[in-house]
Amino acid sequence: MSGLGVMAQLAHKFVTWPQGTTQGFCNVIKIGTFCRTVVWPCLPPLLMYQYIRAKDEDYYTTEVLYYKSGSKDAKAFYDTSRIGISGHWRIQQDLETIRAAANVE
């Protein structure tokens, strides 16, 4: 248990050490200003880019699966008339499995 206390003290010293001197306090302010003006404004576009790439990859694999299946029914793979993500073929399959188990006759 004393080891946990020592680790907590070390973590506290590591966090508060830069503010120990006047120069260190000024560096903390400079780093904070840099993060607010440069780093944070860059994050939303990067996150949106990653989201678009992931969606594009998912749609591409669905298109390849549709093409290689030889099917002529595109709605069997992605039904655009369904709400949200429930149009995806895998979600449709899972929902049908749940529906079949819930409505046992």
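Quick caveat: nothing in here was measured; it's all calculated off a predicted structure.

### Side note on the overall build of the protein chain
Part 1 of the argument: The helix and strand tally for the protein chain stands at 3 helices and 0 strands.
Part 2 of the argument: Computed over its C-alpha atoms, the radius of gyration of the protein chain comes to 26 Å, more than 25% above the 13 Å expected for a compact globule of 105 residues.
Part 3 of the argument: Within the protein chain, buried positions represent 8% of all 105 residues.
Part 4 of the argument: Of all intrachain contacts in the protein chain linking residues separated by at least 6 positions in sequence, the fraction that spans at least 24 positions is 11%.
Part 5 of the argument: Taking the 11 positively charged and 9 negatively charged side chains of the protein chain as two groups, their mean positions are separated by 14 Å.

### Thoughts on the side chain of Gln92
Part 1 of the argument: Checked against the element boundaries, Gln92 lands in helix H3 (residues 89-102).
Part 2 of the argument: A relative accessible area of 18% places Gln92 in the buried class.
Part 3 of the argument: Here Gln92 is in contact with Lys75, Ala76, Asp79, Arg82, Ser86 and Gly87, once residues within four sequence places are set aside.

### A word on the pattern of salt bridges
Part 1 of the argument: As enumerated under the stated definition, the model contains 1 salt bridge in all.
Part 2 of the argument: Residues Arg99 and Glu96 are paired through a salt bridge, measuring 2.6 Å at the closest nitrogen-oxygen approach. Here the residue Arg99 and the residue Glu96 both occupy positions in helix H3, the gap between them amounting to 3 residues, near one helical turn.
Part 3 of the argument: Its relative accessible area of 46% is what places Glu96 among the partly exposed residues.

### Observations concerning the environment of Arg36
Part 1 of the argument: Along the chain, Arg36 turns up in helix H2 (residues 22-69).
Part 2 of the argument: Looking at Arg36, the relative accessible area reads 56%, which means it is exposed.

### Description of a nonpolar patch on the surface
Part 1 of the argument: A surface patch of nonpolar side chains, about 660 Å² in accessible area, is lined by Phe34, Val38, Val39, Trp40, Leu43, Leu46 and Leu47.
Part 2 of the argument: Structurally, Leu43 is set in helix H2.

### Here's the deal with the confidence of the model for the protein chain
Part 1 of the argument: When the pLDDT values of the protein chain are averaged, the result is 84; 98% of them are 70 or greater.
Part 2 of the argument: For the protein chain, H3 is the element with the lowest average pLDDT, namely 83, and H2 is the one with the highest, namely 88.

### Structural notes on the state of the cysteines
Part 1 of the argument: Within the structure shown, the criterion is met by 0 disulfides.
Part 2 of the argument: As a non-bridged cysteine, Cys26 has Cys35 as the owner of its nearest cysteine sulfur, 16 Å distant.
Part 3 of the argument: Looking at Cys35, it has no disulfide partner, and the nearest cysteine sulfur is the one in Cys42, 11 Å off.

### Concerning helix H1 (residues 2-16)
Part 1 of the argument: Helix length check: H1 (15 residues) gives 21 Å between terminal C-alpha atoms against 21 Å at 1.5 Å per residue, within 8%.
Part 2 of the argument: Taken across its 15 residues, H1 has 0 buried, putting it largely on the surface.

Definitions and limits used
- Residues numbered from 1 in each chain as written.
- Predicted model: local features only at pLDDT ≥ 70, side-chain atom pairs only at ≥ 80, totals over all residues.
- Heavy atoms only, no water.
- Helix = DSSP H or I, 4+ residues; strand = E, 2+ residues; numbered from the N terminus.
- Rg over C-alpha atoms; globule rule 2.2 N^0.38 Å.
- Buried < 20%, exposed > 50% of the residue type's maximum accessible area, 1.4 Å probe, protein only.
- Contact = heavy atoms within 4.5 Å.
- Lys, Arg positive; Asp, Glu negative; His and termini not counted.
- Charge placed at Lys NZ, Arg CZ, Asp CG, Glu CD.
- Salt bridge = Lys/Arg side-chain N within 4 Å of Asp/Glu carboxyl O.
- Patch = residues over 30% accessible without salt bridge, like charges linked within 9 Å, V, L, I, M, F, W, Y side chains within 5 Å.
- Areas by Shrake-Rupley, 256 points an atom, 1.4 Å probe, with all protein chains shown as cover.
- pLDDT = per-residue confidence, 0-100.
- Disulfide = S-S within 2.5 Å.
- Expected span 1.5 Å × (residues − 1).

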